[in-house]
Amino acid sequence: MLILGIESSCDETAVALVRDGREIVLSHVASQIDLHAPYGGIVPEVACRAHAEWLVPLIQNALKDADCELADVDVIAATSQPGLIGALLVGLSAGKALAWALDKPFVAVDHIDGHIHATRMEHPEMLFPHLSLVVSGGHTEVYRSPDSCTKELITSTMDDAAGECFDKVAALLGLPYPGGPQIQKLAEQGDPTAVDFPRGKPGDDGMALSFSGLKTAVLYHLKREGFAQKAGRPRLEFTGKQAPQGVLADVAASFQECAVDMLIRVALAASKSTGIKHLGLTGGVACNSRLREKLAQACAQHGVTLYACPPKLCTDNAAFIAGAAHAFAQAGRFSPLDTEAVPN
Ligand code: KG4
Ligand code: ZN
């Protein structure tokens with residue numbers, strides 16, 4: 001079964017062709033990072049316009065590169081939720097229009113199902129039920145999956161997503177958007193024990209999670225180190241007498257260590273509370289090498305088998321949309337052509 005997947009929920013315009021759920025024939029991602037970088041974050045209107053301009057040529061190029069025609073495609077799939085409403089509408093409308101014009105079945109895919117399924121594409125040996133730690137720019141959640149078409153929310157951040165926190169702290173440190181990879185790089189030169197940032201209260205079940213306090217703690221720490229807040233970018237400037245040698249790298253490393261520890265704590269608490277010992281790690285922040293390394297160690301110590309999504313499938317793409325759609329198509333769960341985009 002050949003599935004054409006379309007993803008446009010946020011700032012990546014993506015198209016993929018996936019055969020039988022796992023064989024990625026082709027996966028094209030047109031990143032909008034350069035368009036949004038000057039603003040320090042995603043501008044919804046800019047994202048929406050870029051999707052509208054780029055999507056059709058991207059589909060045409062994908063088919064050409066795969067030496068394939070629309071007639072060869074068995075199922076059309078597109079992300080329908082959650083995301084930026086204008087951005088979602090571009091990909092979803094294109095997917096539904098193609099399905100209607102070609103008289104092919106259509107599958108509307110929840111973006112989170114895509115992230116969760118991405119791990120399964122690389123690790124088909126991950127048994128059900130399993131947990132997934134989904135850590136991205138918009139989501140930080142743990143889900144329980146009893147089968148390939150169902151997810152149940154176990155816990156979620158009360159405020160900011162982990163990736164959003166990486167991006168905001170990076171902005172404070174004067175690093176470009178997206179901040180996660182930049183913090184990881186800077187952290188390599190810093191001491192993760194230099195600053196003991198607060199890891200928040202775990203709550204009775206150990207699964208409470210909040211990132212807004214951590215972001216504020218970083219801000220206050222930098223102010224104490226002689227930085228002053230200002231409008232524009234970078235958000236902080238040094239006003240003290242001595243150049244802040246090593247301070248920023250130590251802050252990056254200590255912040256990253258704190259965020260990683262909080263994610264590990266919640267993942268292990270979810271495993272303990274559900275009794276499930278199979279854990280998938282996915283989403284853009286799952287590219288973070290410190291998280292991958294430290295979570296793998298923690299899981300090994302607690303008898304949990306960790307299945308880390310490969311970095312190329314962690315960040316947004318359309319291969320995981322087509323992959324998830326395959327599971328739904330196999331279960332006969334197709335979507336009507338009046339399926340609406342749901343932003344939240
Ligand atoms: O999954 P994704 O591509 O988009 C959403 O669905 O949100 O995730 C993007 C997020 C951004 O916040 C980015 O800073 C973060 O993933 N990210 C990282 C790393 N690579 C990407 N965060 C920490 N360390 C990384 N290496
Ligand atoms: Zn995503």
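Residues numbered from 1 in each chain as written. Chains lettered and ligands numbered in written order. Predicted model: local features only at pLDDT ≥ 70, side-chain atom pairs only at ≥ 80, totals over all residues. Heavy atoms only, no water.

### Some details on the sheet that holds strand 3 (residues 23–31)
Line of reasoning, step 1. Read from one edge to the other, the open sheet built from five strands follows the order 3-2-1-4-5, with strand pairing classed as mixed. Each of the sheet's edge strands pairs with one partner strand only, and the pair in question is strand 3 and strand 5 (106–110). Averaged over neighbouring strand pairs, the angle between their axes works out to 20° when direction is ignored.
Line of reasoning, step 2. The pairing of strand 2 (residues 12–19) with strand 3 spans eight bridges and is antiparallel. Across the sheet, residue Leu-17 finds its bridge partner in strand 3, namely Leu-26.
Line of reasoning, step 3. Against the sheet, helix 3 (residues 85–102) contacts strand 1 (2–7), strand 4 (75–81) and strand 5, and its axis sits at roughly 155° relative to strand 4.
Line of reasoning, step 4. Strands strand 1, strand 2, strand 3, strand 4 and strand 5 of the sheet are contacted by helix 11 (residues 319–330), whose axis makes an angle of about 130° with strand 1. (Pairing = 2+ DSSP bridges. Helix = DSSP H or I, 4+ residues; strand = E, 2+ residues; numbered from the N terminus. Axes fitted to C-alpha atoms, helices over the stretch in contact; angles between N-to-C directions. Contact = heavy atoms within 4.5 Å.)

### Points about the site of ligand 1
Line of reasoning, step 1. Taken together, 21 residues lie near ligand 1, and Gly-137, Asp-167, Gly-180, Gln-184 and Gly-284 sit nearest.
Line of reasoning, step 2. At 2.8 Å from an oxygen atom of ligand 1 is found a main-chain nitrogen or oxygen belonging to Gly-137.
Line of reasoning, step 3. Separating an oxygen atom of ligand 1 from a side-chain N or O atom of Asp-167 is a distance of 2.7 Å.
Line of reasoning, step 4. Protein contacts shield 90% of the accessible area of ligand 1, which totals 560 Å² for the unbound molecule.
Line of reasoning, step 5. When residues of the shell around ligand 1 are traced back to their parent elements, those giving at least two are helix 4 (111–122), helix 5 (162–172) and helix 6 (179–187).
Line of reasoning, step 6. Its residues placed into classes, the shell around ligand 1 shows six nonpolar, 13 polar and two charged. (Near = heavy atom within 4 Å. Polar contact = N/O pair within 3.5 Å; in protein donor to acceptor, adjacent residues only side chain to side chain. Areas by Shrake-Rupley, 256 points an atom, 1.4 Å probe, with all protein chains shown as cover. Nonpolar A, V, L, I, M, F, W, Y, C, P; charged D, E, K, R; others polar.)

### Looking at the pairing of strand 7 (residues 140–147)
Line of reasoning, step 1. Looking at chain direction, strand 6 (residues 130–135) and strand 7 are connected through six bridges and run antiparallel. Residue pairing for strand 7: Val-135 is matched across the bridge by Thr-140.
Line of reasoning, step 2. If you look at the hairpin formed by strand 6 and strand 7, you'll find four residues sitting between the two strands.
Line of reasoning, step 3. Across five bridges, strand 7 lies against strand 8 (residues 150–156) in antiparallel orientation. Bridge assignment links Val-142 to a residue of strand 8, and that residue is Thr-155.
Line of reasoning, step 4. Linking strand 7 back to strand 8 in an antiparallel pair, the connection comprises two residues.

### Description of the packing of helix 5 against helix 8 (residues 247–274)
Line of reasoning, step 1. Running from amino to carboxyl end, helix 5 crosses helix 8 at an angle of 170°, the nearest separation of the two axes being 11 Å. By the criterion of interaxial angle, the relationship of helix 5 to helix 8 is roughly antiparallel. Taken together, the residues of helix 8 that come into contact with helix 5 (itself represented by Ala-162, Cys-165, Phe-166 and Val-169) are Phe-255, Gln-256, Ala-259 and Leu-263.
Line of reasoning, step 2. Among the residues forming the contact of helix 5 with helix 8, the class breakdown is seven nonpolar, one polar and no charged. (Parallel < 35°, antiparallel > 145°, perpendicular 65-115°, else oblique.)

### Some thoughts on the pattern of salt bridges
Line of reasoning, step 1. On inspection of all chains with the given rule, the structure shows 14 salt bridges.
Line of reasoning, step 2. Residue Arg-199 is joined to Asp-261 by a salt bridge in which the shortest nitrogen-to-oxygen separation is 2.9 Å. Of this pair, Arg-199 sits in the loop between helix 6 and helix 7 (212–224) while Asp-261 is found in helix 8, placing the two residues 62 residues apart along the sequence.
Line of reasoning, step 3. Taking the shortest distance from any N to any O, the salt bridge between Lys-294 and Asp-261 comes out at 2.6 Å. Placement of Lys-294 in helix 9 (residues 289–301) and of Asp-261 in helix 8 is noted, with a sequence separation of 33 residues between them.
Line of reasoning, step 4. Bridged by salt links that share partners, the residues Asp-196, Arg-199, Glu-257, Asp-261, Arg-290, Glu-293 and Lys-294 form one connected network. (Salt bridge = Lys/Arg side-chain N within 4 Å of Asp/Glu carboxyl O.)

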